[in-house]
Amino acid sequence: MRNFYINDKGQAQALSTIKLIPKDFENNNHIGVYWLGGGGAMINSFGTIIMIDPLLEGFDMPLLIDMVAEPRDVTKVDGYFVSHVDNDHYSRPTLKHLAPVTREVHTSHYVASLMKDECGVDACGHTWWDEVDIDDVNVKFTPADHNWQNDLEEFNYRVWAKEEYSGFYVTTHGKKIWYVGDSRLMEEQLQMEEPDIILFDFSDNEYHIGLENAYKLANTYPNSKLILIHWGTVDAPEMTPFNGNPDDLINNVVNPERVVVLRPGEEYILE
């Protein structure tokens, strides 16, 4: 099933949201990967819940989808990871409301300082290649190149270091899941151990990977399933970061059957 269509504004749009339910946070005796809409993802590894860049409320742009859950519906988060400062990834309202049910929060040193000042949340700060163990889940911070703020005068009140932006390489029960993150293509990203799943941002945008480099990255790991993220969510047809079309990947990558188009909130189970 395609799980998407082209809407009347020309955007590839995801089909209707599947709401998260309490069972999604329980030990279901498998590893489940969920797209939360936008750039967000959740991994349930035998009951250990890892959320990456969850955005459940308070976004400042109109959306094409319903949120996958209200914060009150989230029963627990064992590891809450944020890749960078942009508000479609670091959601202040979501963090504040999930903090009472969250065991650990991990992000860059800079974003950790913001979390303390803005949300009253104590987060652990990290840099590239740092590793975090939560139960049987290992999360490694991987390089990303997305410091677009340095190119705009209005954000020149500080220098935005590359190390403040990251991806996450998750290893659990012998399975490997890589959240590449918002990033231009980097040489380091072409030298990873091949993952079972790549949570794949494929935006045709100069501060994201760009389509040609998306094909290059996908074809570097020809056996990895590609779960598509960062598309089909935001009602902004003029903004390329939000407007990837799954057909572009399906038509241009090796083994196109590995492209996985989920509905927001839908679970993909690793065999």
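Residues numbered from 1 in each chain as written. Predicted model: local features only at pLDDT ≥ 70, side-chain atom pairs only at ≥ 80, totals over all residues. Heavy atoms only, no water.

Peer 1: Which parts of the structure should I look at to understand the side chain of Asp53?
Peer 2: Inspection of the secondary structure assignment puts Asp53 in the loop between strand E5 (48-52) and strand E6 (77-81). Buried within the structure, Asp53 lacks any salt-bridge partner; Arg92 is the closest side chain of opposite charge, at an N-O distance of 11 Å. In this structure the side chain of Asp53 is engaged in a polar contact, spanning 2.6 Å, whose partner is the side chain of Ser83. Only 2.6 Å separates the side chain of Asp53 from the side chain of His89, close enough to count as a polar contact. With residues near it in sequence (within four places) discarded, Asp53 still touches Gly39, Gly40, Phe81, Val82, Ser83, His89 and Tyr179. (Helix = DSSP H or I, 4+ residues; strand = E, 2+ residues; numbered from the N terminus. Buried < 20%, exposed > 50% of the residue type's maximum accessible area, 1.4 Å probe, protein only. Lys, Arg positive; Asp, Glu negative; His and termini not counted. Salt bridge = Lys/Arg side-chain N within 4 Å of Asp/Glu carboxyl O. Polar contact = N/O pair within 3.5 Å; in protein donor to acceptor, adjacent residues only side chain to side chain. Contact = heavy atoms within 4.5 Å.)

Peer 1: Got a minute to help me understand the side chain of His30 in this structure?
Peer 2: Here His30 lies in the loop between strand E2 (12-14) and strand E3 (31-35). The buried category is assigned to His30, whose relative accessible area is 18%. Within the structure, His30 has its side chain in polar contact with the side chain of Glu267 (distance 2.7 Å). Excluding residues within four positions of it along the chain, His30 makes contact with Asn44, Ser45, Phe46, Glu267 and Ile269.

Peer 1: Can you help me understand the nonpolar core in this one?
Peer 2: Counting 50 residues, the largest nonpolar core has Phe81, Phe200, Leu228, Trp231 and Leu249 as its most contacted members. Broken down by element, the residue count for this core peaks at 5 residues, all from helix H3 (residues 211-220). (Core = buried A, V, L, I, M, F, W, Y, C linked by side-chain atoms within 4.5 Å.)

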